[in-house]
Amino acid sequence: MGFQWIFLFFPCFFSIVSSLSSVSISETGNQTLICSLNSRFSLNCSSFPSGIQIPFGPNDSYSGIVAGDGFFCGLRDFPTAAKSVLVCWRYSVNGTNMEFRVVYNGPNLKELRAGNSHICGVVNATNRLQCWQWRRFSRYFTFDFLSIAVGGDFVCGLSVAGEIRCDGTGHSAAAAFGGSGYKAVAAGFRHVCGIDLRNELACWGVGAGEIPTGEFKLLALGDNRSCGLRLNGTAVCWGEKSFTLPERLKGEFFTAIEAKKNVFCGVLRGNFSLLCWGNEIFDRNLFSVFDFVPPGSCRSECPCGPLANTAQFCTQTTMICKPCEERPPLLPPPSPAAPPQLSHHSSGQRWSGRMVALLVVGCVGSLSLVLSCSFFVYKYCKNRVCRVHDSGPMEDPVETSGGGGGGGDGRRDTAAGGKKMLEKRLSHLISLGNGGQLGQLEDFPLSTLLEATNNFSEEHKIGNGSFGSVYRGVLSDGREVAIKRAEFSPMWETKRQEDKDNAFLNELESLSRISHKNLVRLLGFFDDTHERVLVYEFMSNGTLHDHLHKLPLSSLSASWARRIAVALDAARGIQYLHDYLSPPIIHRDIKSSNILLDDRWTAKVSDFGLSLMGPDDDASHLSLRAAGTVGYMDPEYYRLQQLTTKSDVYSFGVVLLELLSGCKAIHKNENGVPRNVVDVVVPYIVRDEIHRVLDLRVPAPTPFEIEAVKYVGYLAADCVITEGRHRPSMTDIVNCLERALAACLAPTTLSRSSTESSM
């Protein structure tokens, strides 16, 4: 119970571990690059042997630096703009082929750490983790950080409650640890150490070695070797091959310590010079690498006071913090008889009871209004699929005539202009298609379609599409078809009608270009002034959505192999759109209700009403207002309004999560609160606990199937990563699902890393 009081009433005790390093070490081949900040917080760098030179500006100042195998990065803070810029240089063994990149430009980072290959930081405003040079990893942690440590293929974080959690993309034993009661954490290549509230060490992973006893305040971990600073500032080292601190340094006192691979560096307490050890060059000479190094970053507050003799490094309002060497006193809970007083934000006077009452009533009233509106929106969306439409086709607006009388109906003129544009696009589309597939489509008489659907009766209606209702029909020749009939909006809803017109043409244009066994086949169409209809092949087994969420008994619940096969079919259809057409087609509305199943359970993608032709260059994007279905829409596309094929990848990732969990994209928890399947399922996947969220309607996976299911889980998590550029391509997805399906039927070994494509 005592430790809980520490967490509740002395949270600043842990904030001292949140800092930026002033020393970085990079080992590349037989070269070691040591960089540090000087008294002006500009850079000093030296390589041993010489050869690597970082081309930084002599007047540039940095708040922190990190390095790894073949790269060096510096963090520049801009307080007036409340942002940080992380710049990195990547270089070859001999220092040639130097490459410069701005890796991050955003809100201030309060923590920055690097492993041999990866870089991670903590955003100050949100306390959230972000990683670079690490594909598909930055979204996995979901708790607030005070400090982090980056290893070979994992990252560990220390939370505000003193809890350490580790996770990664590999299978390191270090990434499996989680525990509480710590105030510091450090990571090596394959092992992790923490300092608990008694200042004692705990280590885990491969290469941790025989842990020394005693009390410690700082740690630095390399490859199968470690060093730590005791409370008095002396260093202790341990690890494989009897690694130890050089004899000549055992009487020295340090204020800071850093490590990378085999090399360790420490800032001497007496004169702030930098000494390094760990390889033959440094151990043989034990020379001062730099004469003057600040032992940390300057901060505005230090819970345990400033570090002695460091005022020279910082401004009058900032300081370098000293580590808290002892536990703070336990503070009692605040007395309930003395609640904190509310103060007016401008005058500094107490609020009156009447003012407080008015504030409470206002807040409650506003909250009630928001909840009421949310309830009605939800009820509306429950019975209608809530789709977000864009602003229409990316074409020039219709030119309006300047003539005519001034008394005409503007809305009618707009509608007429829209209809003329529709007819123009349709005529142009048909003329282009005479020599292609569109010319091969059947132009159905309206009487034939009316007869097939009994005048579009409700008994024949089987669903809704992007621009109208879908009906089941049987043609005179016995063919069973699905008929989508456009619905017309009232005259005053010109924007809504324009959306439907665009959806009709998009679907006709897209389906007239494609022919693939995993895309629903368009048979023909009908169009005149009053009717627009598309005719498709009929898919007798309905939608994937119905089998997952509505039908109590479904063949898709027979085995995991059947579900993975359906996912693979759909992925192949989307892959065809992205990779085999020029320009590619971006569907924009991938979801389980748009994946249909035929009589052989082959899955096919349908409903191209929101589809657009994308850029040929995959690095390019279309800029337009977001469109899609809530729960499936790519958040990056919605936020930035920049469309790429990776937006379809995100939506397909949501479908994979549906297949695995049996949960809807947006569903309610046991308390009736709506939640997203991504937020619910992905945390279990990345903790390797997917078995806790699998659909219970499917029999428990066999030993062969469980590996495939976990593999698909990792793939789904990769698909829904926030940054689109880190998501796999549809070709990557198809390859992964093919391996997963094969693993369901044979003892094939699948690893997480094989879901990742090259950077």
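Keep in mind the model is a prediction, meaning the values are calculated, not measured. Along each chain, residues carry numbers from 1 onward, in the same order as the chain's sequence is written. For a predicted model such as this one, the threshold for reporting local features is a pLDDT of at least 70, and the threshold for listing and counting side-chain atom pairs is 80 or more; totals across whole chains, interfaces and linings nevertheless cover every residue. As a rule here, side-chain values cover all heavy atoms of the structure and leave hydrogens and water aside.

**So, the state of the cysteines**
Here comes step 1: The disulfide criterion is simple: two cysteine sulfur atoms within 2.5 Å. Applying the stated rule across the entire model yields 7 disulfides.
Here comes step 2: Disulfide pairing places Cys-73 opposite Cys-88 at an S-S distance of 2.0 Å. The chirality of the disulfide connecting Cys-73 with Cys-88 is right-handed, given an S-S dihedral of about 110 degrees. Note that Cys-73 is positioned in strand β5 (residues 71-78) and Cys-88 in strand β6 (residues 83-90), a separation of 15 residues in sequence. By the burial criterion, Cys-73 is buried, and Cys-88 matches it.
Here comes step 3: Across the disulfide from Cys-156 sits Cys-166; the S-S distance is 1.9 Å. Linking Cys-156 and Cys-166, the disulfide has an S-S dihedral of approximately 110 degrees and is accordingly described as right-handed. Of this pair, Cys-156 sits in strand β12 (residues 154-158) while Cys-166 sits in strand β13 (residues 164-168); the two residues are 10 residues apart in sequence, bridging distant segments of the chain.
Here comes step 4: Using a 1.4 Å probe on the protein chains alone, a residue whose accessible area is under 20% of its type maximum counts as buried, one over 50% counts as exposed, and one in between counts as partly exposed. When its relative accessible area of 8% is taken as the criterion, Cys-166 is described as buried. Secondary structure is summarised from DSSP: a helix means a run of H or I of at least four residues, a strand means a run of E of at least two, and numbering begins at the N terminus for each.

**Digging into the confidence of the model for the chain**
Here comes step 1: pLDDT is defined as a per-residue confidence score from the predictor, taking values between 0 and 100. Looking at the chain, pLDDT values average 77 and 70% of them are 70 or higher.
Here comes step 2: Here helix α1 (residues 2-9) is the element of the chain with the lowest mean pLDDT, 33, and strand β19 (residues 225-230) is the one with the highest, 96.
Here comes step 3: Below pLDDT 50 for its whole length, residues 427-439 participates in 16 contacts with residues either more than four positions away or in separate chains. Note on definitions: a residue-residue contact is assigned when non-hydrogen atoms from the two residues lie within 4.5 Å.

**Here's the deal with the packing of aromatic side chains**
For any pair of aromatic rings, the description rests on two quantities: the centre-to-centre distance and the angle between the ring planes.
Here comes step 1: Pairing of aromatic rings covers Phe, Tyr and Trp, the last counted by its six-membered ring, and requires centre-to-centre distances within 6.5 Å; plane angles under 30 degrees mean stacked, over 60 mean edge-to-face, and any other angle means tilted. Counted under the stated rule, the structure contains 13 aromatic pairs.
Here comes step 2: On the basis of an interplanar angle of 55 degrees and a centroid distance of 5.4 Å, the ring pair of Trp-89 and Phe-100 is categorised as tilted. Pair noted here: Trp-89 is in strand β6 and Phe-100 is in strand β7 (residues 99-107), with a separation of 11 residues, a long-range link.
Here comes step 3: Aromatic ring contacts, followed pair by pair, group Phe-243, Phe-254, Phe-264 and Trp-277 into a single cluster.
Here comes step 4: Look at NZ for Lys and CZ for Arg. If either is within 6 Å of the ring centre and within 35 degrees of the ring normal, a charge sits over the ring. When the ring centre of Phe-78 is taken as reference, the NZ or CZ atom of Lys-83 above it lies at 5.8 Å.
Here comes step 5: Cation over ring: Arg-687 sits above Tyr-684, and NZ or CZ is 5.0 Å from the ring centre.

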